[in-house]
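Listed below are the residues making up each chain.
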Amino acid sequence: MEVVTVAEGRDRYLARKGADKLSDKHARGVKNKLDNFCSLFGDRLLSSITADEVDEWVEDRQASDRTKETYYNAIHALFEWCRKKCFISNNVVGVMDKPVAPSYGEPQSLAVDQIPDLFRYAAVIDGGSMVPYLVLALFAGVRPEELTRAEWEDFDWDENTLRVRQRKGQKLGVEYLRAVEIPEVGIKWLEYCNARELKGKIRCLLYTSDAADDSLRVD
């Protein structure tokens with residue numbers, strides 16, 4: 001077998017055939033996790049790494065169980081690829097107990113009478129930073145991933161619509177999937193946030209408010 005360090009295995013794994021077809025987000029996530037692993041084990045030979053060491057490293061991550069599970073998956077995929085390339089004889093990660101994130105069951109919808117309380121608190125906590133997110137998610141049905149890409153420049157205030165962006169491809173410019181109409185109550189909340197004057201990412205909004213305006217009702 002070829003003698004390969006963990007860092008060398010990482011580099012060859014990231015440059016493997018087909019890796020360029022992964023989404024930018026997924027590729028960055030995998031690279032960050034493997035770089036983190038290599039910060040401790042990079043100079044070691046792949047064949048010298050034990051399951052106990054990997055297990056301890058994963059458990060030491062200051063992260064949720066779900067994030068630990070993604071760390072495990074990244075390291076397991078690296079070692080499995082290296083095994084197939086005959087850099088190691090066994091994938092020691094495979095004998096570990098895989099971290100399992102807790103299941104919270106199916107998502108539940110908010111009851112109608114919960115919405116006013118949600119907005120009342122959102123308007124006074126952390127400068128109201130969550131208000132636009134809630135407005136667009138609850139009143140217009142914009143998906144979470146769409147909201148992370150949304151910018152205030154995507155609004156057409158004359159038509160009260162948001163042009164929802166699709167994921168940016170490596171070779172594609174920004175295109176729009178659909179125009180989402182914002183109902184009147186949503187527009188009132190956005191105006192309360194002075195949204196017409198804002199620029200840049202919607203999720204970065206911060207504004208100051210001592211209390212929610214009683215005239216801004218959601219029922």
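Scroll up a little and you will see the structure.
Since this is a predicted model, take the numbers as computed values, not measurements.

Parameters at a glance
- Residues numbered from 1 in each chain as written.
- Predicted model: local features only at pLDDT ≥ 70, side-chain atom pairs only at ≥ 80, totals over all residues.
- Heavy atoms only, no water.
- Axes fitted to C-alpha atoms, helices over the stretch in contact; angles between N-to-C directions.
- Helix = DSSP H or I, 4+ residues; strand = E, 2+ residues; numbered from the N terminus.
- Parallel < 35°, antiparallel > 145°, perpendicular 65-115°, else oblique.
- Contact = heavy atoms within 4.5 Å.
- Nonpolar A, V, L, I, M, F, W, Y, C, P; charged D, E, K, R; others polar.
- Core = buried A, V, L, I, M, F, W, Y, C linked by side-chain atoms within 4.5 Å.
- Buried < 20%, exposed > 50% of the residue type's maximum accessible area, 1.4 Å probe, protein only.
- Arc of directions from axis to C-beta.
- Salt bridge = Lys/Arg side-chain N within 4 Å of Asp/Glu carboxyl O.

K.L.:
Can you tell me about the packing of helix H1 (residues 6–14) against helix H4 (residues 65–84), naming the residues and giving the values?
P.N.:
The geometry of H1 relative to H4 is characterised by a closest axis approach of 10 Å and an angle of 90° between their N-to-C directions. As summarised for this structure, H1 and H4 are arranged roughly perpendicular, according to the angle between their axes. Between H1 and H4, the residues in contact are Gly9, Arg10, Arg12 and Tyr13 and Ala77, Leu78, Trp81 and Cys82, respectively. When the residues that make up the contact of H1 with H4 are grouped by side-chain class, the tally is five nonpolar, one polar and two charged.

K.L.:
Any details on the nonpolar core? Residues and values, ideally.
P.N.:
Phe37, Leu46, Val54, Ile75 and Phe79 are the most contacted members of the largest nonpolar core, which totals 27 residues. Counting residues per element, the ones that place at least two in this core are H1, helix H2 (24–41), helix H3 (51–59) and H4. The element best represented in this core is H4, accounting for eight residues. Among the nonpolar cores identified, the runner-up in size contains 25 residues, and Phe119, Leu134, Leu147 and Ala150 belong to it.

K.L.:
Break down H3 for me, citing the residues and quoting the values.
P.N.:
Of the residues making up H3, those classed as buried are Ala51, Val54, Trp57 and Val58. When H3 is viewed along its axis, its buried side chains cluster within an angular range of 130° and face the same direction. Away from its buried face, by an angle of more than 90 degrees, H3 presents the exposed residues Asp52 and Glu56. As for H3, its buried residues are in contact with H2 and H4.

K.L.:
Quick one: what's the story with the pattern of salt bridges, residue by residue and with numbers?
P.N.:
Oppositely charged side chains are able to pair whenever their charged atoms sit close together. This structure, assessed with the given rule, holds 13 salt bridges. When the shortest N-O distance is used, the salt bridge between Arg10 and Asp35 registers 3.1 Å. Placement of the pair is Arg10 in helix H1 and Asp35 in helix H2, with a sequence separation of 25 residues. Members of the salt-bridge network, linked through shared partners, are Arg10, Asp11, Lys31 and Asp35.

Take it as geometry only, folks, not as evidence of what the structure does.
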